[in-house]
Amino acid sequence: MDDLTMVLLRTLFSYFFLLILVRLMGKRELGKLSVFDVVISIMLAEMAALAIEDVDKPALRFYLPMLLIALLEVAFAYLSLKSKKFRDTVDGSADLIIENGQIREQAMRRNRLNMDDLMVHLRQKDVKNIADVEFALLEPTGQMSVFLKEQKEKVTREDLALMKKLQVGPVSYKGLPIPLILDGKVRTEALSKIGQNELWLKREIRKYGIKDIREVSFCSIDERGIMYLDKKDKP
């Protein structure tokens with residue numbers, strides 16, 4: 001049997017063998033990719049590629065380890081069903097990034113997220129203003145679940161006073177909310193876009209009881225002149 005025929009036969013066998021392994025491991029592998037699942041998928045794909053390329057070596061040398069990995073995954077899945085602690089260790093757990101409308105900086109650092117990453121996640125969920133978010137959870141798969149504030153929520157006198165305090169008037173632009181402060185640093189190009197300067201920004205955040213810009217984790221303004229501001233968590 002020549003090498004080309006062997007490669008073709010091993011390709012066909014690898015295809016059906018992987019198909020059986022994935023079915024053995026369950027639909028969980030198809031519906032969700034955690035960090036652990038990604039590692040397993042890469043290992044199986046690499047072994048399948050080696051089994052096709054290295055025709056000089058016995059096929060069992062590649063397919064037996066693949067079968068072992070699949071059996072380990074089945075065993076781990078069973079243990080995950082029985083033990084939440086084991087499940088959290090292997091797959092990880094969801095982490096609150098925004099809680100009650102406030103950004104949790106420690107959770108951001110723990111997951112190595114910056115403000116730009118957070119805004120990308122929110123835009124992918126069709127959320128254009130972070131002020132509309134009540135809760136946001138980063139799932140073990142790397143996806144973010146976002147829960148918006150109730151639109152018909154009863155507004156208190158304190159809420160009305162705060163809205164009046166933070167509404168700085170119409171700004172000279174149209175579009176998505178603009179971040180003015182990221183991680184305690186002023187974005188001068190954003191201020192220029194709305195026709196304002198840093199002195200104006202300092203004056204506005206004082207209305208929120210903040211004297212130093214470095215105390216601000218995130219600040220944005222929308223085209224209506226509504227400012228959203230989030231203070232850094234205390235260490």
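Refer to the structure printed above.
What counts, and at which threshold
- Residues numbered from 1 in each chain as written.
- Predicted model: local features only at pLDDT ≥ 70, side-chain atom pairs only at ≥ 80, totals over all residues.
- Heavy atoms only, no water.
- Pairing = 2+ DSSP bridges.
- Helix = DSSP H or I, 4+ residues; strand = E, 2+ residues; numbered from the N terminus.
- Buried < 20%, exposed > 50% of the residue type's maximum accessible area, 1.4 Å probe, protein only.
- Polar contact = N/O pair within 3.5 Å; in protein donor to acceptor, adjacent residues only side chain to side chain.
- Core = buried A, V, L, I, M, F, W, Y, C linked by side-chain atoms within 4.5 Å.
- Domains from an automatic or database assignment.
- Contact = heavy atoms within 4.5 Å.
- Arc of directions from axis to C-beta.
- Expected span 1.5 Å × (residues − 1).
- Patch = residues over 30% accessible without salt bridge, like charges linked within 9 Å, V, L, I, M, F, W, Y side chains within 5 Å.
- Areas by Shrake-Rupley, 256 points an atom, 1.4 Å probe, with all protein chains shown as cover.
- Salt bridge = Lys/Arg side-chain N within 4 Å of Asp/Glu carboxyl O.
- Phe/Tyr/Trp six-rings, centres within 6.5 Å; stacked < 30°, edge-to-face > 60°.

## Looking at the sheet that holds strand β7 (residues 216–221)
For step 1, the next point in the chain: The strand order β6-β5-β7-β8 describes an open sheet built from four strands, whose pairing is antiparallel. Every other strand in the sheet has two partners, leaving β6 (185–186) and β8 (227–231) as the edge strands with one partner each.
For step 2, the next point in the chain: The sheet contact formed by β7 and β8 spans five bridges and is antiparallel. When the sheet's bridge partners are listed, Cys 219 is paired in β8 with Leu 229.

## Quick notes on the environment of Asp 222
For step 1, the next point in the chain: Checked against the element boundaries, Asp 222 lands in the loop between β7 and β8.
For step 2, the next point in the chain: Under the relative-accessibility criterion, Asp 222 is labelled buried at 6%.
For step 3, the next point in the chain: Measuring from C-alpha to C-alpha, the distance between Asp 222 and Pro 179 comes to 9.0 Å, with 43 residues separating the pair along the chain.
For step 4, the next point in the chain: A polar atom in the side chain of Asp 222 sits 2.9 Å from the backbone nitrogen of Ile 226.

## What about the nonpolar core?
The tendency in soluble globular proteins is for nonpolar side chains to be buried side by side.
For step 1, the next point in the chain: Grouped together as the largest cluster of nonpolar side chains are 20 residues, with contacts concentrated most on Ile 97, Ile 103, Leu 118, Leu 122 and Met 144.
For step 2, the next point in the chain: Contributions of two or more residues to this core are made by β1 (95–99), α6 (105–110), α7 (115–124), β3 (133–138) and β4 (144–148).
For step 3, the next point in the chain: Looking at which element gives the most residues to this core, the answer is α7, with four residues.
For step 4, the next point in the chain: Each of two domains, domain 2 (95–152) and domain 3 (169–231), supplies a minimum of three residues to this core.
For step 5, the next point in the chain: Among all residues touching Leu 118, those that are not within four sequence positions of it are Ile 97, Ile 98, Ile 103, Met 108, Ile 130 and Met 144.
For step 6, the next point in the chain: Ranked by size, the runner-up nonpolar core spans 16 residues in total, among them Ile 181, Ile 194, Ile 205 and Ile 213.

## Considerations on α7
For step 1, the next point in the chain: Within the span of α7, buried status applies to Met 115, Leu 118, Met 119, His 121 and Leu 122. Seen from one end, α7 has its buried residues packed into an arc of 160°, which puts them on one side.
For step 2, the next point in the chain: Taken from the residues just after α7, Asp 126 is the one with a positive phi, measuring 65°.

## A few points about helix α4 (residues 60–82)
Count 3.6 residues to each turn of an α-helix, and residues three or four apart come out pointing the same way.
For step 1, the next point in the chain: Between its first and last C-alpha, α4 extends 33 Å over 23 residues, near the 33 Å set by a 1.5 Å rise per residue.
For step 2, the next point in the chain: Of all the positions in α4, only Phe 62, Tyr 63, Met 66, Ile 69, Ala 70, Glu 73 and Ser 80 are classed as buried.

## Focus: a nonpolar patch on the surface
For step 1, the next point in the chain: Together, Leu 24, Leu 60, Leu 64, Leu 67, Leu 71 and Val 74 give the surface a local cluster of nonpolar side chains, amounting to about 510 Å² of exposed area.
For step 2, the next point in the chain: For the nonpolar patch, the element with the most residues is α4, which contributes five residues.
For step 3, the next point in the chain: One can find Leu 64 in helix α4.

## Some words on the environment of Arg 87
For step 1, the next point in the chain: Structurally, the position occupied by Arg 87 is in helix α5 (residues 84–91).
For step 2, the next point in the chain: Put simply, Arg 87 and Phe 76 are 11 residues apart on the chain and 8.5 Å apart in space, counted from C-alpha to C-alpha.
For step 3, the next point in the chain: Dropping the residues within four chain positions of it, Arg 87 is found in contact with Ser 80, Leu 81 and Gly 92.

## As for the side chain of Asp 95
For step 1, the next point in the chain: Mapped onto the secondary structure, Asp 95 falls in strand β1.
For step 2, the next point in the chain: In this structure, Asp 95 is in contact with Arg 104, Ala 107, Arg 110, Asn 111, Ala 136, Leu 137 and Leu 138, ignoring residues within four places of it in sequence.

## A short note on the packing of aromatic side chains
For step 1, the next point in the chain: Following the criterion strictly, the structure yields five aromatic pairs and no others.
For step 2, the next point in the chain: Here the aromatic rings of Phe 17 and Tyr 63 are separated by 5.2 Å at their centres, their planes lie at 65°, and the arrangement is edge-to-face. Linking Phe 17 in helix α1 (residues 3–25) with Tyr 63 in helix α4, this pair joins segments that are 46 residues apart in sequence. Accessibility assignment for this pair places Phe 17 and Tyr 63 in one class, buried.
For step 3, the next point in the chain: Between the aromatic rings of Phe 218 and Tyr 228, the centroid separation amounts to 6.2 Å while the plane-to-plane angle is 55°, which identifies the pairing as tilted. With a gap of 10 residues between them, Phe 218 in strand β7 and Tyr 228 in strand β8 connect regions that are remote in the sequence. In terms of burial, Phe 218 and Tyr 228 fall into one category: buried.

The values reported here are purely geometric and, on their own, carry no functional implication.
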